[in-house]
Amino acid sequence: MDRTRDQVEKIIRDQKPDFVMYDMAYWIPEVARPLGIKTIKYSVVSAAAIAIVLVPARNVVEGKAITAAELSAPPTGYPSTSVVLRGHEVRSLLFVSQPYGEGITFYERACTGMKGCDAIAIRSCYEMEEKLCDYIGRQYGKPVFLTGPVLPESTRTPLEDRWAQWLNGFEAGSVVFCSFGSQLILEKEQLQELVLGFESTGLPFLVVLKPPVGSSTIEEALPEGFEERVKGRGVVWGGWVQQLEILDHPSIGCFVNTCGFGSMWESLMSDCQIVLVPHLGDQILNTRLMAEELKVAVEVERDEKGWFTKENLSNAIKGVMDKDSEVGSMIKKNHSEWRKLLRSEGFMSSYIDKFFQNMQELADHK
Ligand SMILES: O=c1ccn([C@@H]2O[C@H](COP(=O)(O)OP(=O)(O)O[C@H]3O[C@H](CO)[C@@H](O)[C@H](O)[C@H]3O)[C@@H](O)[C@H]2O)c(=O)[nH]1
């Protein structure tokens, strides 16, 4: 991407846009500013994931690797005590001082991109991350524009017949759906522990995962005898499914996911109970936001290595699916209030309107 700089510069010179929005192309302001073009750095991870590490207050010294000890305390002025990483989890952020492209680290790339822009934009909303967004604005001395969740409101395609038919065979709110996003590839033992956890819930389940390391299909990685044992109530699928449409199906009662930022919003918009097993640094912070601050989800207990046992997974799922469970009722109630807000008429479109207004004002400000 960095090597396309000359081509991007030519396009910008020829097209003369009012704005250029970018994410990791930290050099965009250097190209656009001399041409009088405004720039917006748009982030599609949560404000929490930026605020805890990608800020000047971290003082990461060029050429010196950041240590777990340095990361274990949040940066000066960080405004949350619950949306934080615990113990060994800080290791998930060590990558920021590693090279990310030629001659630049992830930290420098992100910070240079935010220092150079005219405004920082984040795919978030004030209702959830106000203090964190304000902190980022103060750290960089820039306006912060929020786009809201930006999810499709209507133009959905019908759910593929294969899944619609299968899900129709179960009672409302009874099926556990699990999807781990587009990135995560598990080790075979992790995948086996995970599916055994679903088996031991005794509930119907649909699990969507990429084949694990070293396997070309998901089927060859399943534990012995697993498919026969769960026949008729459990499916493990190695392909892509329509996640949004599946979450909308009345039979789905629980959504187990890694709390990637896309799935976080989609789970909040859904009617399901939410169980989280984060893996990457930003997913852990999103999980804290959901489980500790909003109290709309439960987090599966994990060990030092960041992995969990089948018992922990099964207990977390049964805990929220059990109609008499106190925790289950509490998160259901909180979740339904957030869902009501996020789905309320004009909530998403008013964020977009406000975003355009902010852009207009920025453009008018010569
Ligand atoms: O079979 C599938 C699997 C996924 N999805 C969709 O794909 C997206 C997945 O997004 P997300 O849940 O954020 O997972 P990842 O794609 O793995 O997310 C990466 O990017 C996110 C930022 O956008 C980060 O928060 C995550 O940590 C990082 O893993 C969602 O819209 C899902 O609806 C499908 O439609 N079908």
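Our structure's up above, just so we're on the same page.
Just so we're clear, the structure is a prediction, and the values are computed from it rather than from any experiment. (Residues numbered from 1 in each chain as written. Predicted model: local features only at pLDDT ≥ 70, side-chain atom pairs only at ≥ 80, totals over all residues. Heavy atoms only, no water.)

## So, the site of the ligand
Stage number 1. Close to the ligand lie 17 residues, the nearest being S182, Q183, S263, E266 and D282.
Stage number 2. With respect to the ligand, the side chain of Q243 contributes an N or O atom lying 3.3 Å from an oxygen atom.
Stage number 3. Between the ligand and the protein, one listed contact pairs an oxygen atom with a backbone N or O atom of G262 at 2.8 Å.
Stage number 4. Calculation on the ligand without its partners gives an accessible area of 690 Å², and the protein chains cover 82% of this total.
Stage number 5. Its atoms largely coinciding with the cavity grid, the ligand occupies the largest pocket.
Stage number 6. The biggest single contributor to the shell around the ligand is helix α11 (residues 261-269), with four residues.
Stage number 7. Of the residues that constitute the shell around the ligand, the class distribution is six nonpolar, nine polar and two charged. (Near = heavy atom within 4 Å. Polar contact = N/O pair within 3.5 Å; in protein donor to acceptor, adjacent residues only side chain to side chain. Areas by Shrake-Rupley, 256 points an atom, 1.4 Å probe, with all protein chains shown as cover. 1 Å grid on protein atoms, 1.4 Å probe; cavity = no way out; pocket = protein on both sides within 12 Å on 5 of 7 lines; lining within 4 Å. Sits in = over half its atoms within 2 Å of the grid points. Helix = DSSP H or I, 4+ residues; strand = E, 2+ residues; numbered from the N terminus. Nonpolar A, V, L, I, M, F, W, Y, C, P; charged D, E, K, R; others polar.)

## Comments concerning the side chain of S179
Stage number 1. Its place among the elements puts S179 in strand β5 (residues 175-179).
Stage number 2. Among the polar contacts made by the side chain of S179, one reaches the side chain of Q243 at a distance of 2.8 Å.
Stage number 3. In contact with S179, not counting residues within four places along its chain, are V208, Q243, F255, V256, N257 and T258. (Contact = heavy atoms within 4.5 Å.)

## What to know about the side chain of T287
Stage number 1. Within the element layout of this structure, T287 appears in helix α12 (residues 281-293).
Stage number 2. By relative accessible area, T287 is classed as buried at 0%. (Buried < 20%, exposed > 50% of the residue type's maximum accessible area, 1.4 Å probe, protein only.)

## What about the sheet that holds strand β4 (residues 144-146)?
Pairing between sheet strands relies on hydrogen bonds along the backbone, with the strands arranged either parallel or antiparallel.
Stage number 1. The strand order β1-β2-β3-β4 describes an open sheet built from four strands, whose pairing is parallel. Because the sheet does not close on itself, it has two edges, and the strands there are β1 (19-22) and β4. Averaged over all adjacent pairs, the angle separating strand axes in this sheet is 25 degrees, with direction ignored.
Stage number 2. Helix α5 (residues 106-116) rests against β1, β2 (38-43) and β3 (119-122) of the sheet, and its axis sits at about 140 degrees to β2.
Stage number 3. This element, helix α15 (residues 347-364), spans β1, β2, β3 and β4 of the sheet and lies at about 150 degrees to β4. (Pairing = 2+ DSSP bridges. Axes fitted to C-alpha atoms, helices over the stretch in contact; angles between N-to-C directions.)

## Let's talk about helix α6 (residues 126-140)
Stage number 1. Look at α6: only 18 Å from first C-alpha to last across 15 residues, short of the 21 Å you get at 1.5 Å a residue.
Stage number 2. Most pronounced at L132, the bend in α6 amounts to some 35 degrees.
Stage number 3. G141 sits one or two positions beyond α6 and adopts a positive phi of about 60 degrees. (Expected span 1.5 Å × (residues − 1). Bend = angle between axes of the 7 residues up to and from the residue.)

## A short note on the packing of helix α8 (residues 188-201) against helix α13 (residues 310-321)
Relative placement of two packed helices is described by the angle separating their axes and the distance separating the axes.
Stage number 1. Where α8 meets α13, the axes come as close as 8 Å, and the angle between the chain directions of the two elements is 40 degrees. Of the possible angle classes, the one that applies to α8 and α13 is oblique. The handedness of the crossing between α8 and α13 comes out as right-handed. Seen from α8, the contacting residues are E193, L194, L196, G197, F198, S200 and T201; seen from α13, they are K310, L313, S314, I317 and K318.
Stage number 2. Tallied by class, the residues present in the contact of α8 with α13 amount to five nonpolar, four polar and three charged. (Parallel < 35°, antiparallel > 145°, perpendicular 65-115°, else oblique. Left-handed = near helix turned anticlockwise from the far one by under 90°.)

## Here's the deal with the packing of α11 against α12
Stage number 1. As a packed pair, α11 and α12 sit with axes 10 Å apart at the nearest point and diverge in direction by 20 degrees. In terms of their interaxial angle, α11 and α12 are classed as roughly parallel. Here α11 and α12 pass one another in a crossing that is right-handed. Residues F261, M264, S267 and L268 of α11 pack against N286, L289 and M290 of α12.
Stage number 2. The residue makeup of the contact of α11 with α12, split by class, is five nonpolar, two polar and no charged.

## A look at the sheet that holds strand β9 (residues 273-276)
Stage number 1. Strand order across the open sheet formed by six strands is β7-β6-β5-β8-β9-β10, with parallel pairing between neighbours. Of all strands in the sheet, those bounded by a partner on one side alone are β7 (234-237) and β10 (298-299).
Stage number 2. Pairing of strand β6 (residues 205-208) with β7 involves four bridges; the strand directions are parallel. Within β7, the residue paired with F205 across the bridge is G234.

## What to know about the layout of surface pockets
Stage number 1. Put simply, the largest pocket is a space of about 1,300 Å³.
Stage number 2. What lines the largest pocket is a set of 46 residues, and nearest its centre among them are S182, Q183, G260, F261 and D282.
Stage number 3. Among the elements of the structure, β2, α3 (47-51), α5, α10 (243-248), α11 and α12 are those that each provide at least two residues to the lining of the largest pocket.
Stage number 4. Of the residues assigned to the lining of the largest pocket, the class counts are 24 nonpolar, 16 polar and six charged.
Stage number 5. Considered as a void within the structure, the second largest pocket measures approximately 320 Å³ in volume. (Points joined across faces, edges and corners; volume = space filled by probe spheres on them.)

## Things to note about the pattern of salt bridges
Stage number 1. Within this structure, the stated rule accounts for 19 salt bridges.
Stage number 2. E89 serves as the salt-bridge partner of R288, at 2.8 Å between the closest nitrogen and oxygen. You can see R288 sitting in helix α12 and its partner E89 sitting in the loop between α4 (68-71) and α5, a full 199 residues away along the chain.
Stage number 3. When the shortest N-O distance is used, the salt bridge between E311 and K310 registers 3.9 Å. (Salt bridge = Lys/Arg side-chain N within 4 Å of Asp/Glu carboxyl O.)

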